[in-house]
Amino acid sequence: MTDKEEAAKTPPEVSRCARFSSLISEDELIEDYFKEESPTNSSSNYRNDCGLNFSCPSSALPFDMLSLHSDGMDRTDPSSQLAPVIKAGWLDKNPPQGTTLLTHRAPQLTVFSGSRSYIYQKRWVKLDSNYLRYFDSEKDVYSKRLIPVSSITRVASIGDQKFEVVTNNRTFTFRAESDADRNGWMKALQNMVDEKKSRCLDRGSIFQVPSSTFDSVDKCGLLELRGFKNKLCVVVAGDKVFLYKNAEEFRLEIGITYIEMNVGNVKDVDRRGFDLTTPYRIFSFVAESDQEKEEWVEAMQHSIAEALSNFEVAERIWSVEANCFCADCGSPKPDWGSINLCVVICKRCAGEHRGLGPSVTKVRSLKMDKKVWTEELIELFLQIGNAVANQFWAANVPPSETISPRSESQERRRFLVAKYREGKYRRYHPLFGNQEELNKALCAAVTTSDLAETLSLLFCGAEVGCYSGDPSHPSPIALAEQAGQRLQMEFLLHNKTSETPQLDVGTSIEKHYSVILPSVAHNGFLYKAPSMAKLLHERKSREEFSRRWCRLHDGIFSYYDSNTNTVPNGEIRMQEVACLVNNLPDTHGFVSTFEVYIESERLYLFGLDIPEAIQEWVKCIAKSFVPPAAEGLLGHDFERLGRLQYKGGLNLERAKEGWFALAQSTLYACLEGSEEAIHLRKLQELSVQGDNEVLVLVERRRTLYIQGERKLDFLGWVNAIQKAAGSSGDTLSEQQLTETDVPIIVDRCIDYITQCGLTSEGIYRKSGQNSKTTSLLESLWKDARRVRLKEGEHQVDDVANTLKRFFRDIEDGLFTKDCSQAWLKATAIEDDKEKISWYRRLLNSLPAVNRATVKALINHLYRVQCFSDVNQMTTHNLAIVFGPTLFQTDGKDYKAGRVVEDLIRCYVDIFSVDEEEMRKQQEEITAIMKMRVAGSSSGTQQAGDFICTVYLEEKKTEAEQHIKIPATMTAEELAFEILDRRKIVMKEKEFWSCFEVSEREEAERPLHYSEKVLPILHSLGKDSYLVVKKQLSMENMLLYLASKVGDSKHGMMKFREEKNLLGVGLSTGFHDRYFILNNNCLRLYKEVRSHKPEKEWPVKNLKIYLGIKKKVRPPSCWGLTVFFENEKQEKQQWYLCCDTQMELRAWFATFLSVQHGGNVWPSESSKVRASRTQQDSRLGNISLIPLRGSENEMRNSVAAFAADPLTLLRDV
């Protein structure tokens, strides 16, 4: 019989089955045949009965369907990947549960008739510790069927070399070649079954475990496998992918095969298709949608990463029984750990741990972060681990608040916040609340091996950095090292920055989820692109979008194939939305698009060609996820809206949640209920710290740190803010600006020329090198904030040419095209008063940025012409150069030069410069001229010297002394210099010091004798000055320090925090607070019994001033004004009040002592006055750089000692 004839006689059912993939054997196909005869086994009925819909995400499935029931296959056991084969051989196999008499003869099947008919096929059968599997041949890698050993309930002989393997749901019949072979198989199977049962009983006696050893299935659903007619149930779990014929067999635990992902690779094929390739076979899958495909690909990639991870650390830590289950929810084989809490946790709990922040818990993988797991850390987990840790952290957990492996994310989050951040369930140490005793107990405990005691003390308030009382071993870490307790050292080192739990503190996440969001309803068609796990860097074409019916209702955004569908393709919960982006027109293939970022690091993109419809969607979604406290942000025409973690004000220890809206170049921030606007183009600094983890925004006297809680949306914020903070166009108002609304480009160039070029002959008339000018201007256009003009790198003429070219190229010009003719007409007015009045009106009609720029430029040119006898640039010459440049006339209209000449000549009257400002201008000019004369008379000028005015005893004209300040001069040397000039002899027990006085703050600070004076001059404001006078309280302070035991001080003071520009801080008066001052830091506590400081500042970053301004209404006259400034130039200010003068002296003396290592006053030997060159007292009283002498001396003077010396000019 030919092949065609045989095929013709083959029943249709068998022909259909023969087309199936070889993964399913013919005995399974026979089973399918009989199932199809019974309507109760139809696929549709099953789906209805079970209530399963695999188009839903796996998180929506019941837990028992999300867990693989095999207790034998352990995904975290390395042996499971290459489980040893216990027995293998050929067996004849019968379809499960037998069949009735088959009337159709399938090829290669043997049919036995009788009361019970059997159809057998030879199969290569393997038994390992996890599965009983059978294959077509011994060379096959992927099985036809797998039966979990854990599901086998009984193995029984049924005669004639046959035996049955009975599972919870089915019976499989096998036939061996002999009775001995049969008995061997039965014995091996029964031994494995008994071993599994005993293992489960042992585990159950220690911990309540779920029915499965899997934490949960990572991804589960129906997929088409090319070559199969029906969809297969595919399950991604850990480091394996399982295939089931349908969802029923998934429930019954009987699978087809599993794929070890350590040899797998996922490849994108087409819009809905992707391949899972292995060295043995390619599995070509097709998903229902492109979004589903993205989710499947991501799940399988994670599975591959887990399969390739290292198990050595996990195996060692799991050797302790309690560490085999998650410390929080009880999931088996947890593969993550918190290295500071010393608990082992599952993947789902690890995700929530990360949300608590590294100050609470530091999460690392047992498998992938191999470098972290030192021998000491592993031993720490073996000594502490889940058992000891939970005796402390979970000592008082009510049964109603416990979580299980089935718990949802929100439930886990709340439990972990209560457990670790608040310490709600912890076992309190008997010394809780007594800070001093806790610290003493910690110092004692770390010298022993009692890690449980150390853990209890530490998380009940003991300080890792407390002073031990032993100068040779000042800290607990040093004590542990001296005692040889390396595990104690390891534990303390991992908890150096850990926060003590506080019951009154809730996380921002918890607060967000406790807010009832408004319910907004909206629906309509949108075009949706596949969801993504990375930022959009490329334009999405229209073809990449699919039309979806979208519905927003009850805080859930759902999208469907059409408006007639009842089952959504997917959902976005508004509580999970982290950021909403309203894209610019035509960003993608549709006219208008918007993006939605959710907490699980997914990005959704929607679009339409109707801008009004998109705006309505954006408005509705924004209303649905923004809490009422931040609803004011919705009033702005925002481009990006969302929540971020931030730090600001005085408290930089704990990040808080804030809501932010970006609208053009303004970032609106809703911080603790109040809304503030941050003008991004006026930032002094904008930088990213760490690995794109913190965005730093620096404005005048405030710094805001924005942290990335979620990488995806945070990177979007960083890019958007950086773009908004840059120049957005070619007009003046679109440039990066200073606080005074002057473009930074202009400010940088003016500053540099004032520093280095006022006396340069032909300044602004000479042309610089064209290539250097072009390069510099391009850099300034790109990001002027980052450009620093430095001596040696930039030439004066190049910078001058850059400034001129900027004004020549700026769009709309400095005087604007609309007003330029009016300015030119003013030159025809003959009466000077009328002309000045005309110029004033024109000046006031200019935009704010143009007006500020005109004043800054004319002020600069006014200074330049003051040195015309040197630089040859008179008012007329400057007008000839700048007239055509500023009016962009290319020299065609002489009136342009006349306008500039008038503005410079009448600068004082036109710009209403008052007498005080004019006096400062004249003093600057006089000082420069005197310096030039002094330099020419001496022939040389010492590079780096500055001239300043210092007063003797009080600020008055007759007490002025004009001193050159070298870079090396100390406060002691300056005081001696003043006393020498006035022929004053320092008597015994007279303590002459140099004071920095702030008239605005009504406070003064005695400079330490070793402080360099030059940096102090750079920081002086216009209301500050230096004065040399007697320090009357020094003798009493020295006596106090001599009689004092120890370096620290503690006690109550009244505290008031200066409200900062973000609106964060106290402004309601003084409050009693407890302070502890030691060698390292100043700590503030709410009360004496508080165990955790509210605030903490490094002593080295504090400046302490005597006195408090009356405006803040201090409760006593004995006060201190404190300024904090760190390396990032973040500035803060607050006030302290003491009850008595004696207490004030004690605190101030302690501050001086700890800041300077006990050297408060110099020894007698250091007071010998070195001979100095007498300074010229005839010079002016303004701090300026020397502008005379050789060019190199001038350049070195500027470059060595001032990044921005013009600050001194401004602050006079």
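Residues numbered from 1 in each chain as written. Predicted model: local features only at pLDDT ≥ 70, side-chain atom pairs only at ≥ 80, totals over all residues. Heavy atoms only, no water.

1. So, the overall build of the chain
Just so we agree on the cut-off: Every helix listed is a DSSP run of H or I at least four residues long, and every strand listed is a run of E at least two residues long, numbered separately from the N terminus. We call a residue buried when its accessible area falls under 20% of the maximum for its residue type, exposed when it is over 50%, and partly exposed in between, using a 1.4 Å probe and counting protein chains only. Residues count as neighbours in contact if any of their non-hydrogen atoms are within 4.5 Å of one another. Using a 1.4 Å probe, the Shrake-Rupley method yields the accessible areas, and only the shown protein chains count as cover for residues.
Scanning the chain for helices and strands turns up 38 helices and 44 strands. Taken across its 1212 residues, the chain has 55% of its residues classed as buried. Summarising the internal contacts of the chain: among those between residues at least 6 apart in sequence, 64% fall at separations of at least 24. Of the accessible surface of the chain, which amounts to about 53,100 Å², a share of 48% is contributed by carbon and sulfur atoms.

2. As for the packing of helix 11 (residues 347-356) against helix 14 (residues 409-421)
Two measures define how a pair of helices packs: the angle their axes make with one another and the distance between the axes. Definition in use: The angle between two axes is taken between their N-to-C directions and runs from 0 to 180 degrees, where each axis is a line fitted to C-alpha atoms and a helix contributes only its stretch in contact. Roughly parallel refers to an angle under 35 degrees, roughly antiparallel to one over 145, roughly perpendicular to one between 65 and 115, and oblique to any angle outside these ranges. Left-handed describes a crossing in which the near helix is turned anticlockwise from the far one by less than a right angle; the clockwise case is right-handed. Under this grouping Gly is polar, as are all residues other than the nonpolar Ala, Val, Leu, Ile, Met, Phe, Trp, Tyr, Cys and Pro and the charged Asp, Glu, Lys and Arg.
Following both chains from N to C, one finds helix 11 and helix 14 inclined at 55 degrees, their axes separated by 9 Å at the closest point. As the angle between them shows, helix 11 and helix 14 are arranged oblique. Helix-helix and strand crossings are classified by hand; for helix 11 and helix 14 the assignment is right-handed. When helix 11 is examined against helix 14, the residues Arg 348, Cys 349, Glu 352, His 353 and Leu 356 are found in contact with a partner set consisting of Ser 409, Arg 412, Arg 413, Leu 416, Val 417, Tyr 420 and Arg 421. In the contact of helix 11 with helix 14, the residues fall into 5 nonpolar, 2 polar and 5 charged.

3. Topic: the side chain of Thr 666
Counting through the fold element by element, Thr 666 comes out in strand 28 (residues 666-671). We classify Thr 666 as buried; its relative accessible area is 11%. Filtering out sequence-adjacent residues up to four positions away, Thr 666 remains in contact with Ala 661, Ala 677, Ile 678 and His 679.

4. A few points about helix 21 (residues 711-725)
We count it as follows: A helix is expected to span 1.5 Å multiplied by its residue count minus one.
Over its 15 residues, helix 21 extends 21 Å from the first C-alpha to the last, a length consistent with the 21 Å expected when each residue adds 1.5 Å. Taken together, the buried positions of helix 21 are Leu 712, Asp 713, Phe 714, Gly 716, Trp 717, Val 718, Ala 720, Ile 721, Ala 724 and Ala 725.

5. Here we look at the sheet that holds strand 11 (residues 240-244)
Defined as follows: In this description, strands pair whenever DSSP reports at least two bridges between them.
In spatial order, the strands read 12-11-10-9-15-14-13; together these 7 strands make up an open sheet with antiparallel pairing. Edge positions in the sheet fall to strand 12 (257-260) and strand 13 (265-268), since each has one partner strand and no second. Neighbour to neighbour, the strand axes of the sheet diverge by 35 degrees on average, direction disregarded. The pairing of strand 14 (residues 273-277) with strand 15 (residues 282-286) spans 5 bridges and is classified as antiparallel. When the sheet's bridge partners are listed, Leu 276 is paired in strand 15 with Phe 283. Contacts between helix 9 (residues 290-307) and the sheet are confined to strand 9 (219-225), strand 10 (232-237), strand 11, strand 13, strand 14 and strand 15, with strand 9 contributing the most and set at about 115 degrees to the helix.

6. Things to note about the packing of helix 15 (residues 435-445) against helix 16 (residues 451-458)
In the contact formed by helix 15 and helix 16, the axes pass within 9 Å of each other and the chain directions differ by 155 degrees. Accordingly, the angle class assigned to the pair helix 15 and helix 16 is roughly antiparallel. Between helix 15 and helix 16 the crossing geometry is left-handed. Of the residues in helix 16, those touching helix 15 at Leu 438, Ala 441, Leu 442 and Ala 445 are Glu 453, Thr 454, Leu 457 and Leu 458.

7. Thoughts on helix 20 (residues 611-625)
Taking 1.5 Å per residue, 15 residues should reach 21 Å; helix 20 reaches 21 Å between its end C-alpha atoms and fits that length. The set of residues buried in helix 20 consists of Ile 614, Trp 617, Val 618, Cys 620, Ile 621, Ala 622, Ser 624 and Phe 625.

8. Section: a negative patch on the surface
Note the cut-off: Each patch is built from salt-bridge-free residues with over 30% relative accessible area, joining like charges within 9 Å and nonpolar side chains (Val, Leu, Ile, Met, Phe, Trp, Tyr) within 5 Å. Here, a salt bridge means any side-chain nitrogen of Lys or Arg that lies within 4 Å of a carboxyl oxygen of Asp or Glu. In summary, the charge assignment counts Lys and Arg as positive and Asp and Glu as negative, without counting His or the chain termini. Lys charges are placed at NZ, Arg charges at CZ, Asp charges at CG and Glu charges at CD.
Negative charge collects at one region of the surface, where Asp 730, Glu 811, Asp 812 and Asp 818 lie side by side. Along the chain, Asp 730 turns up in the loop between helix 21 and helix 22 (744-756).

9. Thoughts on the packing of aromatic side chains
Under the convention used in this document: Between rings of Phe, Tyr and Trp, where Trp is taken as its six-membered ring, a pair exists when centres lie within 6.5 Å; planes separated by under 30 degrees are stacked, by over 60 edge-to-face, and by other angles tilted. Over a ring means this: the NZ of a Lys or the CZ of an Arg is within 6 Å of the ring centre and within 35 degrees of the ring normal.
Tallied over the entire structure, the rule returns 40 aromatic pairs. Considering the side-chain rings of Phe 815 and Phe 887, the 4.5 Å spacing of their centres and the 10 degrees angle between planes classify their relative orientation as stacked. Separated by 72 residues along the polypeptide, Phe 815 in the loop between helix 24 (796-809) and helix 25 (817-825) and Phe 887 in helix 29 (residues 875-887) bring together distant segments of the chain. Overall, Phe 815 belongs to the buried group, its relative accessible area being 2%. Counting every residue linked through ring pairs, the aromatic cluster contains Tyr 142, Phe 274, Tyr 280, Phe 283 and Phe 285. In this structure, Arg 547 is placed above the aromatic ring of Phe 525, and the distance from its NZ or CZ to the ring centre is 3.6 Å. The positively charged end of Lys 1029 is found above the aromatic ring belonging to Phe 995, 4.9 Å away from the centroid.

10. Focus on the side chain of Arg 1056
Under the convention used in this document: Throughout this description, a polar contact denotes any pair of N or O atoms lying within 3.5 Å of each other; where both atoms belong to protein, one of them has to be capable of donating a hydrogen while the other can accept it, and for residues adjacent in sequence the pair is counted only when both atoms sit in side chains.
Here Arg 1056 lies in strand 38 (residues 1049-1057). Within the structure, Arg 1056 has its side chain in polar contact with the backbone oxygen of Val 1112 (distance 3.4 Å).

11. Overview of the pattern of salt bridges
On inspection of all chains with the given rule, the structure shows 51 salt bridges. A salt bridge links Arg 123 to Asp 136; its shortest N-O distance comes to 3.3 Å. Placement of the pair is Arg 123 in strand 3 (residues 118-128) and Asp 136 in the loop between strand 4 (131-135) and strand 5 (145-148), with a sequence separation of 13 residues. The exposure class assigned to Asp 136 is partly exposed, which follows from its relative accessible area of 32%. Between Arg 413 and Glu 599 there is a salt bridge; the shortest N-O distance is 3.7 Å.

12. Some remarks on the nonpolar core
Short version of the rule: As used in this record, nonpolar core signifies buried Ala, Val, Leu, Ile, Met, Phe, Trp, Tyr and Cys residues forming a set joined through side-chain atoms within 4.5 Å.
The biggest cluster of nonpolar side chains holds 65 residues, and the ones touching the most others in it are Tyr 764, Trp 823, Leu 861 and Leu 886. If near-sequence neighbours (up to four positions away) are discounted, Leu 861 is found in contact with Tyr 764, Leu 878, Phe 882, Val 900 and Ile 904. Core analysis: the next-biggest nonpolar cluster, separate from the first, contains 61 residues, Phe 325, Ile 384, Ala 389 and Phe 392 among them.

13. Things to note about a nonpolar patch on the surface
A cluster of nonpolar side chains, contributed by Val 141, Val 263 and Tyr 280, occupies part of the molecular surface with about 250 Å² of accessible area. According to the relative accessible area criterion, Val 141 is partly exposed, its value standing at 36%.

14. Some points on the pairing of strand 38
Both strand 38 and strand 39 (residues 1071-1077) contribute to a ladder of 7 bridges, which runs antiparallel. Counterpart to Phe 1055 in the pairing with strand 39 is His 1071. In this sheet, strand 44 (residues 1131-1137) lies alongside strand 38 in antiparallel orientation, the contact comprising 4 bridges. The residue of strand 44 that forms the bridge with Glu 1057 is Trp 1134.

15. Details of the confidence of the model for the chain
Definition in use: Confidence scores here are pLDDT values: one per residue, from the predictor, ranging 0 to 100.
Per-residue pLDDT for the chain averages 78, and the proportion of residues at 70 or more is 80%. Across the chain, element-level confidence peaks in strand 17 (residues 343-345) with a mean pLDDT of 95 and bottoms out in helix 38 (residues 1206-1210) with 34. Considering only residues more than four positions removed or in separate chains, one finds that residues 934-945, a stretch of pLDDT under 50, has 25 contacts.

16. Digging into the sheet that holds strand 17
Strand order across the open sheet formed by 3 strands is 17-16-18, with antiparallel pairing between neighbours. Only two strands of the sheet have a single partner each, and these edge strands are strand 17 and strand 18 (363-365). Geometrically, the sheet is characterised by an average inter-axis angle of 30 degrees between neighbouring strands, direction not taken into account.

17. Focus: the environment of Val 698
With respect to the helices, strands and loops of the structure, Val 698 is situated in strand 31 (residues 694-699). Taking relative accessible area as the criterion, Val 698 reaches 3% and is therefore assigned buried. Sequence spacing of Val 698 and Gln 684 is 14 residues, and the spatial spacing of their C-alpha atoms is 5.5 Å.

18. Things to note about the environment of Val 141
With respect to the helices and strands, Val 141 occurs in the loop between strand 4 and strand 5. Distance in space between the C-alpha atoms of Val 141 and Tyr 258 is 9.8 Å, their sequence separation being 117 residues.

19. Examining the pairing of strand 36 (residues 1003-1006)
Here strand 35 (residues 992-998) runs beside strand 36; their pairing, made up of 4 bridges, is antiparallel. Bridge pairing links Ser 998 to Ala 1003 in strand 36. Between strand 35 and strand 36, which pair antiparallel one after the other, the connecting turn spans 4 residues, and Glu 1002 there sits at a positive phi close to 55 degrees.

20. Describing unusual backbone geometry
In most cases, non-glycine residues show a negative phi, while peptide bonds are predominantly trans. For Lys 333, which is not glycine, the phi torsion reads 50 degrees and is therefore positive. Looking at the secondary structure, you find Lys 333 in the loop between helix 10 (312-318) and strand 16 (336-338). Look at Tyr 764: it is not a glycine, yet its phi comes out positive at around 75 degrees.

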